[in-house]
Every structure is written in structure tokens, then in C-alpha cells.
Amino acid sequence: AKENGRNSYQFFTDELNNRAHTRLALENELRRALTRREFSLHFQPQFDLAHRRLIGAEALLRWNHPERGMIPPDQFIPIAEETGLIIPLGAWILHESCRIAQGWRDEGLPDLCIAVNISALQVRRGQLDSTVVEALGESGLPARLLELEVTESALMTHQAHVSATLDAIHALGVKLAIDDFGTGYSSLAYLKRFKLDKLKIDRSFIRDLPDDAEDAHLTRAIVGIAHHLGMTAVAEGVETKAQEAFLSELGCDLAQGYLYARPLPADAFRQMQIDLGLQ
Ligand code: C2E
Ligand code: CA
Ligand code: CA
Ligand code: CA
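This is a predicted model, so every value here is computed, not measured.

The rules behind each value
Residues numbered from 1 in each chain as written. Chains lettered and ligands numbered in written order. Predicted model: local features only at pLDDT ≥ 70, side-chain atom pairs only at ≥ 80, totals over all residues. Heavy atoms only, no water. Near = heavy atom within 4 Å. Polar contact = N/O pair within 3.5 Å; in protein donor to acceptor, adjacent residues only side chain to side chain. Areas by Shrake-Rupley, 256 points an atom, 1.4 Å probe, with all protein chains shown as cover. 1 Å grid on protein atoms, 1.4 Å probe; cavity = no way out; pocket = protein on both sides within 12 Å on 5 of 7 lines; lining within 4 Å. Sits in = over half its atoms within 2 Å of the grid points. Helix = DSSP H or I, 4+ residues; strand = E, 2+ residues; numbered from the N terminus. Nonpolar A, V, L, I, M, F, W, Y, C, P; charged D, E, K, R; others polar. Expected span 1.5 Å × (residues − 1). Buried < 20%, exposed > 50% of the residue type's maximum accessible area, 1.4 Å probe, protein only. Arc of directions from axis to C-beta. Donors = N, O, S within 2.8 Å, 3.2 Å for Na, K, Ca; no water. Pairing = 2+ DSSP bridges.

K.L.:
An account of the site of ligand 1 is requested, with residue identities and associated values reported.
P.N.:
Near ligand 1 lie 21 residues; those nearest to it are Q44, R62, R203, E239 and Y258. Within the side chain of E58, a nitrogen or oxygen atom sits 3.3 Å from an oxygen atom of ligand 1. At 2.4 Å, a side-chain N or O of E239 approaches a nitrogen atom of ligand 1. When isolated, ligand 1 has an accessible area of 800 Å², and the protein chains bury 84% of it. Among the detected pockets, ligand 1 sits in the largest pocket. Taken together, the elements giving at least two residues each to the shell around ligand 1 come down to β2 (53-65), α2 (73-83) and β6 (175-181). Looking at the shell around ligand 1, the element that brings in the most residues is β2, giving four residues. Its residues placed into classes, the shell around ligand 1 shows eight nonpolar, five polar and eight charged.

What follows is the structure, encoded as C-alpha cells:
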């Protein structure tokens, strides 16, 4: 048993060292990735359900690592948050999103609202309001065409700085959306405290629609909350026609998901806009 114990201990520390090593390597590579231009943005379309019209896109970060290939955001954004790298990275994401969106407008493509994901740390620590002003100013994108997606956890704070920052951004005309709604906290008090324009229903509620009765009730209730508070309801992770039909019937305003398109590189998204315009 003693022998065994030592072996499993040995195994445990090796495993730990290995993981620590990978994590440290990733952290260092992440620091260099921005200057080496290894990040890019993909865009996923958002459709107006009632008018069947493309109205916007969510910008989603991609890391094309020179040896490891594409690393999904879930694997490195938490590290970027822990190390504070999300502040410069987040600023780059905002600038790049605005630049690309304005580029499409310059080509004469119809106006789209660009939704950018914002980490809690960016709202709490960064000078998010001045970063937004700079990104809009540098690109020429009108504020009404930019939307920031924040999670419930970013809003679960009594820091005056957070309300002041988000109020200042909202006053510019930039829209605020609450992301992954329903997954974070049971308190809904923040819905009163912040000026929010959109509510994104988390994918986990959409997945088993329309058959799952509980999810159906919850989704209906969430769309109701959004509308009663004067907000636009967005469903994310829409994959089937049946989900779409159900959401349309509920009066959910917007939908996003693989049913319409996967997140696309900027060029492919541009081509999709042109193809839709020609239909
Ligand atoms: P999220 O903000 O909830 O983004 C939606 C995720 O769902 C995306 O994953 C998207 O590709 C995926 N998705 C879209 N439609 C469908 C569908 O129909 N079915 C399924 N199963 N999935 C769908 P992705 O791109 O891997 O991003 C994962 C998460 O990483 C995001 O979740 C967001 O929390 C974070 N993230 C991505 N880009 C950024 C960024 O620029 N900044 C920050 N702070 N976080 C980001
Ligand atoms: Ca999002
Ligand atoms: Ca989401
Ligand atoms: Ca999510």
C-alpha cells in the first residue's frame, strides 16, 4: 500500500507540474500573441425573427497559435483575466471590431450592430469608457452600432465605478446587453440598477426547446421580463427550425446560432452580407 501511495503521489506531482508548465507556457505565449498578431475575430450573425433580416453580429475572439493551431476562447480567456492581460487584449478587440464594422459600412454594406464581449475585469479595472470612446473615434463607427455584452457577474457589484462606467458608455449611445442571462445569479436587482438594452437568453435554456416543458416556461418568462423592462430579447444557440418557430411564437426578437451560421472570419462574413443582399 505504501509503495502504491508513493506511486500515486509521484503521479500526482508529475501531473501537477505538467499542468503548471502548460499553464505557464500558455501565459507567456499569450503575452506575446498580441504583438505577434495571432488573434483574430470571427463574426456570428444575429437575425430579427419577425422581419427575417440580418441586423447584427457578435464578435468572437480566436487565437491562432503557431504550433497548437486554433485555441478556443474558453481555454485562454480565463488566463487572460487572471493575469490582467484581458485589459490590453480587450482594448484590441474593441478597436478591431469597430474598425471591421466601419470597413463594411465604407463598402456600402447595410448598417449592422456589432456586439463585443466584455470581461468583468474590463468593467471593474480598465478605463472602459475611454477605450470605447477611442475605438469609436478612431474607426468612425457611430456609437449606436456598437453593443457591449456583459455577464451578470460583471454587474453583481456595488462598486460605484462600475455603474458610472456603464452609464457613461450608455450615454454615448452604445447599447448594453446582458449575456448568458439566467445562469449567473438569482438576484435580479441589477436589472433595475443598470440601463440595459438587450437580454441574451443563455444557450442552456434554448437547447431542449420546444419539447422540454420547463425550459419552454423559463424561456417564455425570460422573454416577458425583457419586454416588460423595455429590453430586446435575444436567443443564443439556436440550432433547429423547431427552436426558431417556438421562439418566434413567444415574440423573442432576435436569434443567433448554428441554424443561421457558425461564427465566420471577417471575409466570409462580408461575403455572407453580400449574398444576403443579392437574395
Ligand atoms: P458567449 O459569449 O456565450 O458566446 C457564444 C458561444 O456560443 C460562442 O463560442 C459561439 O461560437 C457558440 N455558439 C454560437 N452558436 C451556437 C450554437 O448554435 N450552438 C452551440 N453549441 N454553440 C454556439 P466561442 O466563440 O467558443 O466563445 C466562447 C466564450 O468565450 C464566449 O461565450 C465568451 O464568453 C468568450 N469570448 C469569446 N470571445 C470573447 C471576447 O472577445 N472577449 C471576451 N471577454 N470573451 C470572449
Ligand atoms: Ca456573448
Ligand atoms: Ca452568451
Ligand atoms: Ca457562454
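On we go.
K.L.:
I'd like a rundown of helix α7 (residues 160-171), residues and numbers included.
P.N.:
Helix length check: α7 (12 residues) gives 16 Å between terminal C-alpha atoms against 16 Å at 1.5 Å per residue, within 8%. Every buried residue of α7 is listed here: V162, T165, L166 and I169. The buried residues of α7 occupy one face: seen down the axis, they fall within an arc of 90°. Away from its buried face, by an angle of more than 90 degrees, α7 presents the exposed residues A160 and A171.

K.L.:
Lay out the coordination of the calcium ion (ligand 2) with the relevant residues and their values.
P.N.:
For the calcium ion (ligand 2), the full set of protein donor atoms is E58 (OE), N117 (OD1), E149 (OE) and D179 (OD), and the range of their distances to it is 2.2 to 2.3 Å. In terms of primary sequence, the donors binding the calcium ion (ligand 2) are separated according to E-x58-N-x31-E-x29-D. Between the calcium ion (ligand 2) and the calcium ion (ligand 3), a separation of 3.8 Å is found, and both are coordinated by D179. On the criterion of sequence distance, the pair formed by N117 in strand β4 (residues 113-117) and D179 in strand β6 is long-range, its members being 62 residues apart. According to the relative accessible area criterion, N117 is partly exposed, its value standing at 28%. Classification of D179 as buried rests on a relative accessible area of 7%.

K.L.:
How would you summarise the pairing of β6 if you had to cite specific residues and measurements?
P.N.:
Consecutive side chains of a regular strand alternate in pointing toward one face of the sheet and then the other. Most of β6 is tucked away, with five of its seven residues classed as buried. As paired elements, strand β5 (residues 146-151) and β6 share five bridges and run parallel to each other. Paired with L148 across the strands is L176, a residue of β6. In terms of strand pairing, β6 meets strand β7 (residues 198-201) through three bridges, oriented parallel. Residue pairing for β7: A177 is matched across the bridge by K198.

Structural measurements only, silent on function.
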